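Inside the fold
Below, each chain spelled out in residue letters.
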Amino acid sequence: MFGRKFEVNKLKSWKNLEKCYKKFAKTQMRDLFAKDSHRAEKYSISLENLTFDYSKNRIDDKIKEALLQLAAERNLGDKIEAMFAGEKINQTEKRAVLHVALRNRGHAPIYVDGKNVMPKINEVLAKMRQFSEAVRLGKFTGHTGKKLTNIVNIGIGGSDLGPKMACEALRRYWAKDMKCYFISNIDGTACAEVLNKIDPEETLFIICSKTFTTIETLTNAKTCRKWLVDALGEHAVAKHFVAVSTNAKEVAKFGIDVENMFEFWDFVGGRYSMWSAIGLSIALAVGMDNFEKMLDGAYAMDMHFKNAGFAENIPVMMALLSIWYRDFFKFGAMAVIPYDQYLQYVPAYLQQLVMESNGKSVNNEEKFVKYGTAPVLFGGAGTDVQHSFFQLIHQGTSVIPCDFIVPAISHNEIGEHHEILLANVLAQGEALMRGKTTTEAYEEMIKAGKSREEAVALKKYKSFSGNRPSNTFVFKKMDPYALGMLIAAYEHKTFVEGVIWNIDSFDQMGVELGKQMALSILPELQNNAATSDHDGSTAHLIKLIKDLRQ
Ligand code: G6Q
């Protein structure tokens, strides 16, 4: 849709960045900090009470300028406008990309194919409010009249990770008697372990599936339906099952009254859908007011992204730094470490957002790209991960830029816990940046009373190369508004990266091949049909498993 044929790595700004890299690669951040006492203020951006500190990165003003030139040369501004205007920027699927419309709290019209999408969006939000309030107040009850207090979200991928992450992030806002469960995996264990814990009379199942054809979700939904019908009878289904989908026909076919269906649209990508009715479990758990506060936070980030100059734009700077490391330093991975137990599912959520959106090798001009696209993203909650993979982050042979996320105030200010947590996140960023030279390591050991011989023998093991980048997000407290801001920032970062890499961040064709092949293997496992057309290893594994199952 953007018309021009070109290759990103031939752009003038790209070539310039290659030169910048050569000159700058050895520069030490600890020297940059020593030279400039205002570096932290200079390289921080605040939006309300959220601050993005990117000062511990291997950049200076010149590099920043060169990165901004790349954004300009890729016409980023026009592309942001195109997304917000509802243009069909998902070019392989010929769809608009309008998760921003779902949280368009200013309610200005947004048109797709000449039709304003806002009235429908607001209608569904109103329906979510009505339904979630009725359930929470015990007005909409189960078949036997009991209050519905177990919410079971059945979905997978984009229909699971967002609601699961957000429900956990906002656990402190759950109604006292409400409990949320998530079933995604086709592994029967996922279903069994949830069903073992709950009472059918008090359970509401939300089947979340954009297409309503996903085998895992439909299989799990059928199992749960049977479990409920066995306990309460066929008539109970209407009171215990609702669906969130774009596919009314399949919803009806499954046996759910379309009255109990919450609609969304093909301009909402699965991994961008937690702001739609896919977030119904969030609304049920924390209440619609809080759900809307989450939308408000995302809207604030949307407006910042749309209107702030690129040099002062959080998602734009996040993306440019990521590209700097991925394509010029050739770092292949990044880590996201929230220092907040409630954010423990954020890395898993971002894994899908980043790797499914930008894990691509063909550009928008049907050419294989000649540069790196999405890095591997992994992470986990601090401080736990300091005691697992941080060894590699500090001293491994790969440099892995980190994002640290931390609220200044905890929901659980117990004794010194939060101060210790805060000290740890700050220490990690500082240690990664500064490192420790062999001389420093040696002197430290001597001071601590080690013999010279021992200190010499250990000084390399105890040294840290440092110069390892990190960003730090600090905000006041993990509330719905802050969560909305944070997640929207990562969404837009992902979009900017896709624009610069000239790839479609909104399709996911890479997940198809495995699905397709599973369908062909299934009958071979179920019947005694001979294995056909597989490589030797797969055929061997099929036989082995069949033998073991007999
Ligand atoms: C997300 C992907 C994918 C999708 C799941 C579930 O962007 O498209 O993760 O969300 O495959 O799809 P359904 O919602 O259609 O069941």
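Everything below is about the structure printed above this text.
Residues numbered from 1 in each chain as written. Predicted model: local features only at pLDDT ≥ 70, side-chain atom pairs only at ≥ 80, totals over all residues. Heavy atoms only, no water.

**Considering the sheet that holds strand E2 (residues 50-53)**
The condition is simple: Strand pairing is assigned whenever DSSP detects at least two bridges linking the two strands. What counts as a helix is a DSSP run of H or I of at least four residues, what counts as a strand is a run of E of at least two, and both are numbered from the N terminus. Angles shown run from 0 to 180 degrees and are taken between the N-to-C directions of axes, each axis being a line fitted to C-alpha atoms and, for helices, limited to the stretch in contact. Contacts are residue-level and defined by heavy atoms, with any inter-residue pair within 4.5 Å sufficient.
On the basis of which strands lie adjacent, the open sheet formed by six strands has the order E1-E2-E13-E12-E10-E11 and mixed pairing. Of all the strands in the sheet, just strand E1 (44-47) and strand E11 (376-379) have a single pairing partner and so form its edges. Strand-to-strand, the axes of this sheet are offset by a mean angle of 15°, without reference to chain direction. Running at roughly 175° to E11, helix H16 (residues 346-358) makes contact with strand E10 (333-338), E11 and strand E12 (402-407) of the sheet. Taken strand by strand, helix H21 (residues 480-501) contacts E1, E2, E10, E12 and strand E13 (470-475), and its axis lies near 150° from that of E13.

**Here we look at the sheet that holds strand E7 (residues 203-208)**
Spatial ordering of the open sheet is given by E6-E5-E7-E8-E9, a layout of five strands whose pairing is parallel. Bordering the open sheet on either side are strand E6 (179-183) and strand E9 (261-263), each of which pairs with just one other strand. The mean inter-strand angle of the sheet, taken between neighbouring strand axes irrespective of direction, is 20°. As defined by bridge partners, strand E8 (residues 241-245) adjoins E9 across three bridges and the pair is classed as parallel. Following the sheet pairing, Ser245 is matched in E9 by Glu263. Each of E7, E8 and E9 is contacted by helix H7 (residues 118-136), which is oriented at about 150° to E9, the strand it contacts most. Sheet strands in contact with helix H10 (residues 215-232) are strand E5 (150-154), E6, E7 and E8, and its direction is about 160° off that of E7.

**Here's the deal with the side chain of Ser505**
What counts is decided by this rule: By the criterion applied in these results, polar contacts are pairs of N or O atoms within 3.5 Å in which, for protein atoms, one can donate a hydrogen and the other can accept it, and in which residues neighboring in sequence qualify only through two side-chain atoms.
Looking at the element boundaries, Ser505 is found in the loop between H21 and helix H22 (512-526). At 2.7 Å, the side chain of Ser505 forms a polar contact with the side chain of Asn358. Not counting residues up to four positions away in its chain, the partners in contact with Ser505 are Arg271, Tyr272, Ser357, Asn358, Lys360, Thr494 and Gly498.

**Focus: the site of the ligand**
Where we set the bar: In these notes, residues near a molecule or strand are those with any non-hydrogen atom within 4 Å of it. Every accessible area reported is derived by Shrake-Rupley at a probe size of 1.4 Å, with residue values counting cover from the shown protein chains alone. Three classes are used, and their members are as follows: Ala, Val, Leu, Ile, Met, Phe, Trp, Tyr, Cys and Pro are nonpolar, Asp, Glu, Lys and Arg are charged, and the others, Gly among them, are polar.
Among the 13 residues in the neighbourhood of the ligand, the closest are listed as Ser159, Ser209, Thr211, Thr214 and Gln352. The side chain of Ser159 places a nitrogen or oxygen atom 2.7 Å from an oxygen atom of the ligand. Its free accessible area being 410 Å², the ligand has 87% of it covered by the protein chains. In terms of residue class, the shell around the ligand is built from one nonpolar, nine polar and three charged.

**Brief notes about unusual backbone geometry**
For the peptide bond that leads from Gly382 to Thr383, omega is 10°, which places it in the cis range. Within the secondary structure, Thr383 is located in the loop between E11 and helix H17 (390-395). Positioned with a positive phi, Asp113 is a non-glycine residue whose angle comes to about 50°. Relative to the assigned elements, Asp113 resides in the loop between strand E3 (111-112) and strand E4 (115-116). Here the phi dihedral of Glu366 falls at roughly 65°; this positive angle occurs in a residue that is not glycine.

**Observations regarding the packing of helix H1 (residues 12-24) against helix H15 (residues 314-328)**
To describe two helices that pack against each other, one gives the angle between their axes and the distance between the axes. Filter applied, for reference: Orientation labels follow simple angle bins: below 35 degrees gives roughly parallel, above 145 gives roughly antiparallel, 65 to 115 gives roughly perpendicular, and whatever is left gives oblique.
Orientation of H1 relative to H15, taken along the N-to-C sense of each, is 75°, at an axis distance of 11 Å. Considering their axes alone, H1 and H15 lie roughly perpendicular with respect to each other. Every residue of H15 that contacts H1 at Trp14, Leu17, Glu18, Cys20, Tyr21 and Phe24 is listed here: Trp324, Asp327 and Phe328. Its residues assigned to classes, the contact of H1 with H15 comprises seven nonpolar, no polar and two charged.

**Some thoughts on the packing of helix H14 (residues 288-307) against H15**
The contact between H14 and H15 brings their axes to 7 Å, and the two run at 70°. With respect to H15, the element H14 is oriented roughly perpendicular. Taking contact as the criterion, the partners of Met301, His304 and Phe305 in H14 are, on H15, Ile314, Pro315 and Val316. Class assignment for the residues of the contact of H14 with H15 results in five nonpolar, one polar and no charged.

**Overview of the nonpolar core**
General note: in soluble globular proteins, nonpolar side chains tend to be found buried as a group. As a reminder, the rule being used: Only buried residues count toward a nonpolar core. Its members are Ala, Val, Leu, Ile, Met, Phe, Trp, Tyr and Cys residues joined through side-chain atoms within 4.5 Å. When accessible area is computed with a 1.4 Å probe and restricted to protein chains, residues below 20% of their type maximum are described as buried, those above 50% as exposed, and intermediate ones as partly exposed.
One finds Met128, Trp324 and Leu483 to be the most contacted residues of the largest nonpolar core, which totals 131 residues. In terms of residue count, the dominant contributor to this core is H21 (13 residues). Dropping the residues within four chain positions of it, Leu483 is found in contact with Met165, Ala166, Ala169, Leu170, Met294, Leu343 and Met478. In terms of nonpolar packing, the next biggest core, distinct from the first, is built from 25 residues, Cys224, Leu232, Val237 and Phe254 among them.

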